[in-house]
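# Summary of structural features
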Amino acid sequence: MSNRYIPHTDEDIRRMLDKIGVGSVDELYSDVPEEVLFRGEYDLPEGMSETELREYFTNLGKKNEQLTVFAGHGAYDHYSPSVIPHLLERSEFYTAYTPYQPEISQGTLQYIFEYQSMISELTGMESSNASMYDGATAAAESMFMMVASARKKNRVLVSSTLLESVRKVIATYMKFHGVELTELPEKEGETDFTAMAEELAKGDVAGVMVPSVNRYGIIENLEGVAEKVHGAKASLAIYCDPSALAVLKTPGEWGADIACGDGQTLGMPLQFGGPYLGFIACRKDMLRKMPGRVVGATTDRNGKRCYVLTLQAREQHIRRQKATSNICSNQSLMALYATIYVALMGPQGLRDVNRLSCDGAHYLYDRLIESGKFSKVYDKPFLKEFVVKTDLDTAAMAARLRRNGMMGGVEIAPGVLEFAVTEKRTKEQIDRLITVMLEEEK
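Residues numbered from 1 in each chain as written. Predicted model: local features only at pLDDT ≥ 70, side-chain atom pairs only at ≥ 80, totals over all residues. Heavy atoms only, no water.

## So, a nonpolar patch on the surface
What counts, and what does not: For patches, a residue must show more than 30% relative accessible area and have no salt bridge; joins then use 9 Å for like charges and 5 Å for nonpolar side chains, namely Val, Leu, Ile, Met, Phe, Trp and Tyr. Shrake-Rupley sampling with a 1.4 Å probe provides the accessible areas, and residues are treated as covered by the protein chains on show and by no other component. Salt bridges are identified by distance alone: a Lys or Arg side-chain nitrogen within 4 Å of an Asp or Glu carboxyl oxygen. Only runs of H or I of at least four residues qualify as helices and only runs of E of at least two qualify as strands under DSSP, and these elements are numbered from the N terminus. Accessible area is worked out with a 1.4 Å probe on protein chains only. A residue is then buried under 20% of its type maximum, exposed over 50%, and partly exposed in between.
A cluster of nonpolar residues, Ile20, Val25, Leu28, Tyr29, Val32, Val36 and Leu37, forms a patch on the protein surface that exposes about 590 Å² of accessible area. Checked against the element boundaries, Leu37 lands in the loop between helix 2 (25-28) and helix 3 (50-61). Judged by relative accessible area, Leu37 falls into the partly exposed class, the value being 32%.

Here it is, written out as structure tokens:
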């Protein structure tokens, strides 16, 4: 056997290669550029005892810097209740996959149902799925939903005030599915809705995606947007922060057809890029275009409440080539995380999170402007995130902060910093941030 971890024998491999008409494994990957192929030896240590292995990873973990975070830009350092890991890591949850067999999956199905209900309530939409990889892929899948719901229209509009990382993923998805993508310009930090109306007037737009809170932290005014979009017989999707929806107008109230976004703000800790949780919620009449799974509640033959997988419209099991989406991985462990978090926090707890975050963000913003070293970029309403500009040496500032155990704002353009403040940040921490940033600039 050529590899102890891959159970294929040389004969197995030979038969598969013969079947597809390829001479060797190297030939199978011949289209991979030579410059990206690794030809060296892997630097793997020898086998270790349990004690040695624990010590090895403990020392490896010490290389990670634990910083006090004032950065946002799509990932936020919100409070994570300690009870969640204790529940999440129970074996029946931690190892569960797709609950295809309802008679033995009632617990999994119930929490997915609860999750869907909570997302629907937060977004003001009629239906919700469970679940997507992250906010970016949820946004891309939402675009497909709008194209699938349109009649002979193959163009979508996305606001340039949406996070760049999300727009890049959308662009990749659209390119390889033959969907035309047009970016709407921004005007004074918000979506240019005059430009949107001009694009809609061309009559070939299937859908429009705009943010609720945009990449500058600005709360966008979406009054009348749905009416314009629907007037052009197109669909409207709003990309939103589910935590902020506890205090902001919901996509349902704005008249959106689809709400999507990332559930990381629902208490999920920052973990080097994941795992995150994408969500999609929509009007009931778009339900069959929505990817993912939908769990429903019913009664069994004894009249007792029970749960089942009601809809898998995207599944690869049937009409695979005609499906709106073939996404098939189950992200419900993180859906359970969000469910426990929202249940623990409750409506008042979520409002408190936003109140504390808002108070802290505005305190930091005001202090920075008062220092005379920072100035406004936009004079628009914000919740927990904002941008300011400065002539200070931002690289030196970032280095000072790091030496003092802090991560400051994200530099989104030369001299333009974006700061985020969550309920975890204290007044003392904010004051310390300002002191360190300015200490060598007095």
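## With respect to empty space enclosed by the protein
Filter applied, for reference: The definitions used throughout rest on a 1 Å grid laid over the protein atoms alone, on which a cavity is an enclosed set of points accommodating a 1.4 Å probe that cannot get out and a pocket is an open set flanked by protein within 12 Å on both sides along at least five of seven lines; lining residues are those having an atom within 4 Å of a point. Grid points are joined across faces, edges and corners, and a volume is the space filled by probe spheres set on the points. Residue polarity follows a fixed list, in which Ala, Val, Leu, Ile, Met, Phe, Trp, Tyr, Cys and Pro are nonpolar, Asp, Glu, Lys and Arg are charged, and the others, Gly among them, are polar.
Across all of its chains, the model carries 1 cavity of 30 Å³ or more by this definition. Each pocket or cavity is described by its volume, and for the largest cavity that value is around 30 Å³. Considering the residues around the largest cavity, the lining is formed by Val69, Ala71, Tyr76, Asp77, Ala420 and Thr422. Taken together, the residues that form the lining of the largest cavity break down as 4 nonpolar, 1 polar and 1 charged.

## Some points on the nonpolar core
So the rule is basically this: As used in this record, nonpolar core signifies buried Ala, Val, Leu, Ile, Met, Phe, Trp, Tyr and Cys residues forming a set joined through side-chain atoms within 4.5 Å. Any pair of residues with heavy atoms lying within 4.5 Å of one another is described as a contacting pair.
With 35 residues, the main nonpolar core has Tyr115, Leu277, Val295 and Tyr341 as its most contacted residues. Among the elements of the structure, helix 4 (83-88), helix 6 (106-123), strand 10 (278-282), strand 12 (305-311) and helix 12 (332-370) are those that each provide at least two residues to this core. Among the elements that take part in this core, helix 12 stands out by supplying 11 residues, more than any other. Residues within four places of Tyr115 in sequence aside, it is in contact with Asn129, Ala130, Ser131, Leu277, Gly278, Phe279, Ala335, Ala338 and Thr339.

## Focus: the state of the cysteines
Two cysteines, two sulfur atoms, one covalent bond between them: this is a disulfide. Let me state the cut-off plainly: Any cysteine sulfur atom paired with another within 2.5 Å is treated as part of a disulfide.
For the structure on display, the rule yields 0 disulfides. Left without a disulfide partner, Cys358 is nearest to the cysteine sulfur of Cys240, which lies 18 Å away.

## What to know about the sheet that holds strand 13 (residues 374-376)
Condition: For two strands to be treated as a pair, DSSP must find at least two bridges joining them. In this analysis an axis means a line fitted to C-alpha atoms, helices contributing only their contacting stretch, and an angle means the value between N-to-C directions, from 0 to 180 degrees.
With antiparallel pairing, the 4 strands of this open sheet are ordered in space as 13-14-17-16. Every interior strand has two partners, whereas the edge strands, strand 13 and strand 16 (410-413), have only one. Adjacent strand axes in the sheet meet at a mean angle of 45°, parallel and antiparallel pairs treated alike. Pairing between strand 14 (residues 385-390) and strand 17 (residues 416-420): 5 bridges, direction antiparallel. Directly across from Phe386, in strand 17, lies its bridge partner Phe419.

## A word on the pattern of salt bridges
Counted by the stated rule, this structure contains 21 salt bridges. Between Glu190 and Lys380 there is a salt bridge, with the nearest N and O atoms lying 3.0 Å from each other. Taken together, the residues Glu190 in strand 6 (residues 190-191) and Lys380 in the loop between strand 13 and strand 14 connect sequence positions 190 residues apart. By relative accessible area, which is 16% here, Glu190 ends up buried. On the basis of relative accessible area, Lys380 is assigned to the partly exposed category, the value being 23%. Via salt bridges that share partners, Arg155, Glu199, Lys202 and Asp204 belong to a single interconnected network.

## A few points about the environment of Ser212
Mapped onto the elements of the fold, Ser212 is located in the loop between strand 7 (205-211) and helix 10 (225-231). On a C-alpha basis, the gap between Ser212 and Leu222 in space is 7.8 Å, while along the polypeptide they are 10 residues apart. Not counting the four nearest positions on each side in its chain, Ser212 is found in contact with Ile218, Ile219, Glu220, Ile238, Tyr239, Cys240 and Leu248.

## Brief notes about unusual backbone geometry
Trans peptide bonds make up most of the peptide bonds, and negative phi angles are found at most residues other than glycine. In this structure, His73 is a non-glycine residue whose phi angle is positive, near 55°. Of note, His73 is situated in the loop between strand 1 (68-69) and helix 4. What makes His73 partly exposed here is its relative accessible area of 27%.

## Re the packing of aromatic side chains
Applicable threshold: The aromatic pairing rule takes the rings of Phe, Tyr and Trp, using the six-membered ring of Trp, and pairs them if the centres are within 6.5 Å, calling planes under 30 degrees apart stacked, those over 60 edge-to-face and the rest tilted.
As enumerated under the stated definition, the model contains 10 aromatic pairs in all. With centroids separated by 5.5 Å and ring planes inclined at 80°, the aromatic side chains of Phe93 and Tyr111 adopt a geometry described as edge-to-face. Of the two residues, Phe93 is situated in helix 5 (residues 91-94) and Tyr111 in helix 6; the sequence distance between them amounts to 18 residues. Aromatic side chains Tyr365 and Phe386 sit 5.1 Å apart centroid to centroid with 75° between the ring planes, which places their arrangement in the edge-to-face category. Of this pair, Tyr365 sits in helix 12 while Phe386 sits in strand 14, and the two are 21 residues apart along the sequence. Phe386 carries the same exposure label as Tyr365, and that label is buried.

## Side note on the packing of helix 12 against helix 14 (residues 427-438)
Selection rule: The labels follow the angle: roughly parallel below 35 degrees, roughly antiparallel above 145, roughly perpendicular from 65 to 115, and oblique for the rest. Crossing handedness is read from the near helix: turned anticlockwise from the far helix by less than a right angle, it gives a left-handed crossing, and turned clockwise, a right-handed one.
Two elements in contact, helix 12 and helix 14, have axes separated by 10 Å at closest approach and are oriented at 25°. Relative to helix 14, the element helix 12 lies roughly parallel. As helix 12 packs across helix 14, the resulting crossing turns out to be right-handed. Facing helix 12, whose interface residues are Gly360, Tyr363, Leu364, Arg367 and Leu368, helix 14 presents Lys427, Ile430, Asp431, Leu433, Ile434 and Met437. Its residues assigned to classes, the contact of helix 12 with helix 14 comprises 7 nonpolar, 1 polar and 3 charged.

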